[in-house]
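One letter stands for each residue in the lines below.
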Amino acid sequence: MSVFTKVTHAELQDFLRQYPVGEVVGFQGIGEGVENTNYFVDTDDGRWVLTLFERLNYADLPFFLGLMEHLAGHGFPSAAPLHTHDGRSLVTLNGKPAAIVRRLVGQSVLFPNAAQCRATGTVLGQLHRVAGSFKGHAENSRGVAWRRDTAQALLPLLPDDARALIDSELSAQAGLDLAALPQGIVHADLFRDNVLFVDDRLTGVIDFYYACNDSLLYDLAITVNDWCFDTHGQPNLSRAREMIDAYCAERQPVEPEARDWRLVLRAAALRFYLSRLHDWVHPREGGLVHVKDPDAYRRILEFHREHELPLA
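Basis of the calculations
Residues numbered from 1 in each chain as written. Predicted model: local features only at pLDDT ≥ 70, side-chain atom pairs only at ≥ 80, totals over all residues. Heavy atoms only, no water. Core = buried A, V, L, I, M, F, W, Y, C linked by side-chain atoms within 4.5 Å. Buried < 20%, exposed > 50% of the residue type's maximum accessible area, 1.4 Å probe, protein only. Helix = DSSP H or I, 4+ residues; strand = E, 2+ residues; numbered from the N terminus. Contact = heavy atoms within 4.5 Å. Salt bridge = Lys/Arg side-chain N within 4 Å of Asp/Glu carboxyl O. Phe/Tyr/Trp six-rings, centres within 6.5 Å; stacked < 30°, edge-to-face > 60°. Pairing = 2+ DSSP bridges. Axes fitted to C-alpha atoms, helices over the stretch in contact; angles between N-to-C directions. Parallel < 35°, antiparallel > 145°, perpendicular 65-115°, else oblique. Left-handed = near helix turned anticlockwise from the far one by under 90°. Nonpolar A, V, L, I, M, F, W, Y, C, P; charged D, E, K, R; others polar.

Enquirer: Provide a residue-level description of the nonpolar core, including the pertinent values.
Expert: One finds Leu 67, Ile 166, Phe 208, Val 224 and Trp 261 to be the most contacted residues of the largest nonpolar core, which totals 82 residues. Looking at this core element by element, the count peaks at 11 residues for helix α8 (residues 255-281). What Leu 67 contacts, discounting residues up to four positions off in sequence, is Ala 131, Phe 134, Ile 185, Phe 208 and Ala 211.

Enquirer: Before we move on, can you summarise the pattern of salt bridges with the specific residues and values?
Expert: Tallying each qualifying case throughout the model produces 20 salt bridges. Salt-bridge contacts for Lys 292 lead to Asp 193; the nearest nitrogen and oxygen are separated by 3.7 Å. With Lys 292 in the loop between α8 and α9 (295-306) and Asp 193 in the loop between β6 (183-186) and β7 (195-198), the pair connects residues that are 99 residues apart, well separated along the chain. Notably, a salt bridge pairs Asp 260 with Arg 259, separated by 3.1 Å at the nearest N-O pair. Beyond isolated ion pairs, a larger network of salt bridges with shared partners links Glu 35, Arg 55 and Arg 142.

Enquirer: Tell me about the packing of aromatic side chains, residues and numbers included.
Expert: In the structure shown here, the tally under the stated rule is 11 aromatic pairs. Pairing Phe 272 with Tyr 297 gives two aromatic rings, centres 5.7 Å apart and planes at 40°, and the pair type is tilted. In this pair, Phe 272 sits in helix α8 while Tyr 297 sits in helix α9, placing the two residues 25 residues apart along the sequence. You can call Tyr 297 buried: its relative accessible area is 3%. In textbook terms, an aromatic cluster arises when at least three aromatic residues are bridged by ring pairs, as seen for Phe 53, Phe 63, Phe 64, Phe 134 and Tyr 209.

Enquirer: Requested: an account of the pairing of β7, with residues and values cited.
Expert: Direction of pairing for β7 relative to strand β8 (residues 201-205): antiparallel, over a ladder of four bridges. In the strand pairing of β8, Leu 196 is matched with Gly 204.

Enquirer: So what's going on with the packing of helix α6 (residues 216-227) against α8? Residues and values would help.
Expert: The contact between α6 and α8 brings their axes to 8 Å, and the two run at 60°. With respect to their mutual orientation, α6 and α8 come out oblique. Of the two elements, α6 crosses α8, and the hand of that crossing is right-handed. The segment α6 lies against α8, with Leu 217, Tyr 218, Leu 220, Ala 221, Ile 222, Val 224 and Asn 225 engaging Glu 257, Trp 261, Val 264, Leu 265, Ala 267, Ala 268, Ala 269, Arg 271 and Phe 272. Residues of the contact of α6 with α8, tallied by class, amount to 13 nonpolar, one polar and two charged.

Enquirer: Tell me about the packing of helix α3 (residues 114-130) against α6, residues and numbers included.
Expert: The geometry of α3 relative to α6 is characterised by a closest axis approach of 11 Å and an angle of 160° between their N-to-C directions. Our classification of the angle between α3 and α6 gives roughly antiparallel. Between α3 and α6 lies a crossing of right-handed hand. Seen from α3, the contacting residues are Gln 116, Cys 117, Thr 120, Leu 124 and His 128; seen from α6, they are Leu 216, Asp 219, Leu 220, Thr 223 and Trp 227. Here the residues of the contact of α3 with α6 are counted per class, giving five nonpolar, four polar and one charged.

Enquirer: Describe the sheet that holds strand β5 (residues 96-102), and please don't skip the residues or the numbers.
Expert: Judged by pairing direction, the sheet is antiparallel, and its five strands sit side by side in the order β1-β2-β3-β5-β4 without closing on themselves. Where the open sheet ends on each side, the last strands, each with one partner, are β1 (24-29) and β4 (91-93). Here the average twist between neighbouring strands, direction ignored, is 35°. By the bridge criterion, five bridges tie strand β3 (residues 46-52) to β5 in an arrangement that is antiparallel. By the bridge assignment, Thr 51 is partnered in β5 with Ala 99. Along the sheet face, helix α1 (residues 9-16) touches β1, β2 (37-43), β3, β4 and β5 and points at about 120° away from the line of β1.

By themselves, these figures tell us nothing about what the structure is for.
Structure (C-alpha cells):
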C-alpha cells in the first residue's frame, strides 16, 4: 500500500457523500506496499480503508471485489466492499477506480511466531476451500508469461551474476507445469502485511488485488517464502513446519504437488525477485512510495536452488 494519488479533505468528504458513513473525522495515507493508493479514513460512523486502484482497470475490479464479498459472506475474515447509496461497490475518485471497506481490527506482524504461522497456514487452506464456490475467474497477471517477459526486459540492465541466476532459473522453470497441479482461486500475495492479528488471534486477511486462478500449491509457496525466511534467505524451519502442517490439515496436497514442491517454491521466489527488481530499476512516482529490496528474494531463491524444504 502506497500513496501515488493525493486526496484532499474536501475531495474525500465529497466522495464519501455517496456512502452511508457520515462525516470525515480524519484520514491519513498508508505508506506500505507497492501497488495502489490507500488511506485510513475515520468517520463518525466507523473506521475505513479507501483504495484507489493505480494499475487495475474497471473491467478487472468486479472479480476482486466480488471475491471479497463472497468470502466475507461465508464467514472468512475478509472485509467486504461497502456499497454506495445506489448499490455500487466501485466508483471513481480523482480519475481512478476506487472502493472503500470497513477497517478490520488487528495489526500485521513483522516477526511472526509459530502460533501466528500456524494460523496463517490454516486461513490459507480455508481460503482455498471457501473460494472454490466463487464463480468468478481471473488469469494470473504475474504468471509464467509475465515472469519470462519481465526477465527478458530486465536482463540487459542487470549485472552479470544476476543475469546468470535468472537465466539458469528460467531454464529450470521450463520443466514445471503449474497448470497441471490442482487449481483454484489463490490470494497470490499473502505476505505478513496482509494478515492481521490481535495477539495470536488472526482477525483479518486483506489486499486481494492479486487474487487469481492458479496453482493452490503456488499460493502456499508464496506464503511460506515470506513468513518463514529471514532477510538473509535463511529459513525458520519450525515456523515453516507449523504453517505447512496447518495448511495440509485443511487441504492435503497430492503426489504431483509433493514432487514439484521445490520448483514451485523457486517459481514463487523468482516472481517476487523479478517484480522487486523491476520496481528497483523503474521506480514509480508518488507521495509515499515503498520500494522493497530485491536481494531478499534473490537469497530465498538461492536457498531453494541448493536446499530442500520438506512439504510433509
